[in-house]
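Take a look at the letters that make up each chain.
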Amino acid sequence: ANEARRTAAHGILHLADGSSPLPDALLVPTLGVEHTIGNRNTLSVTATYMPYAVGSSKWKNFTLQPELRWWHNEPLAGFFFGVNILAGAFNIDNVRLGGLYGRQRQGYIVGGGATVGYHRVLSDRWGLELALGVDALYSNYERFKGDDSEGRRSGFIVLPLGTGVTLVYVLK
């Protein structure tokens, strides 16, 4: 199975609905593609997009996260280590979650992180990936109450964005 995977592993499509507990908990659709580059490396790009608006509440965001992975033996099989960068934008208004209700936040996030994981080959086309990751993010946004700006805010946060279980489908 690994020989067939090696010759077919010029691109994979992550079919899972996310590779992180945070987007999964918030029902954020996630899609990723990964391509082999060399004998032990892959480059993946994961994107999220959430255009939700219900009544007066909205949660709109998108992110793009490229990641370079180094595989212990061969791409798409076994242990890996990855480094990534992330960029995105958001517009959140009247969401009843924590302290978000009653104020709109519109801005961007940038950051980076690292991931370690294991990819288990299930068949020539399917795999299961387990990963632990951590990302440091910088957020800059403007906060509004109604139409009135309450000014810009910014800060850093550390999140386990690369942590999760992903079902992988290999394109041939």
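Residues numbered from 1 in each chain as written. Predicted model: local features only at pLDDT ≥ 70, side-chain atom pairs only at ≥ 80, totals over all residues. Heavy atoms only, no water.

1. Thoughts on the packing of aromatic side chains
Then step 1. Scanning the model with the defined rule gives six aromatic pairs in all.
Then step 2. For the ring pair Tyr 108 and Tyr 138, a centre distance of 6.5 Å and an interplane angle of 55 degrees mean the geometry is tilted. Of the two residues, Tyr 108 sits in strand β6 (residues 104–121) while Tyr 138 sits in strand β7 (residues 126–145), which places them 30 residues apart along the sequence.
Then step 3. The exposure class assigned to Tyr 108 is partly exposed, which follows from its relative accessible area of 35%.
Then step 4. For Tyr 138, a relative accessible area of 23% gives the class partly exposed.
Then step 5. Aromatic rings pair up to connect Tyr 108, Tyr 138 and Phe 156 into one cluster.
Then step 6. Here the guanidinium or amino end of Arg 69 rests over the ring plane of Phe 80, the centre of that ring lying 4.1 Å away. (Phe/Tyr/Trp six-rings, centres within 6.5 Å; stacked < 30°, edge-to-face > 60°. Helix = DSSP H or I, 4+ residues; strand = E, 2+ residues; numbered from the N terminus. Buried < 20%, exposed > 50% of the residue type's maximum accessible area, 1.4 Å probe, protein only. Lys NZ or Arg CZ within 6 Å of the ring centre and 35° of its normal.)

2. As for the side chain of Ser 44
Then step 1. Following the sequence through the fold, Ser 44 ends up in strand β3 (residues 41–54).
Then step 2. Excluding residues that lie within four positions of it along the chain, Ser 44 makes contacts with Val 33, Glu 34, Gln 65, Pro 66 and Glu 67. (Contact = heavy atoms within 4.5 Å.)

3. Description of the confidence of the model for the chain
Then step 1. In this model, the chain carries an average pLDDT of 82, and 81% of its residues clear a pLDDT of 70 or more.
Then step 2. This stretch, residues 1–10, has a pLDDT under 50; its non-local contacts, to residues over four places away or in other chains, come to 24 contacts.
Then step 3. Across residues 13–19, where pLDDT falls below 50, the model places 33 contacts with residues more than four positions away in sequence or in other chains. (pLDDT = per-residue confidence, 0-100.)

4. Overview of the nonpolar core
Then step 1. Membership of the largest hydrophobic core is limited to eleven residues, which are Val 28, Met 50, Trp 59, Leu 86, Phe 90, Ile 92, Val 95, Ile 109, Leu 137, Tyr 141 and Leu 161.
Then step 2. With three residues, strand β5 (residues 78–93) is the largest single contributor of residues to this core.
Then step 3. If near-sequence neighbours (up to four positions away) are discounted, Tyr 141 is found in contact with Phe 90, Arg 105, Gln 106, Gly 107, Gly 151, Arg 152 and Arg 153. (Core = buried A, V, L, I, M, F, W, Y, C linked by side-chain atoms within 4.5 Å.)

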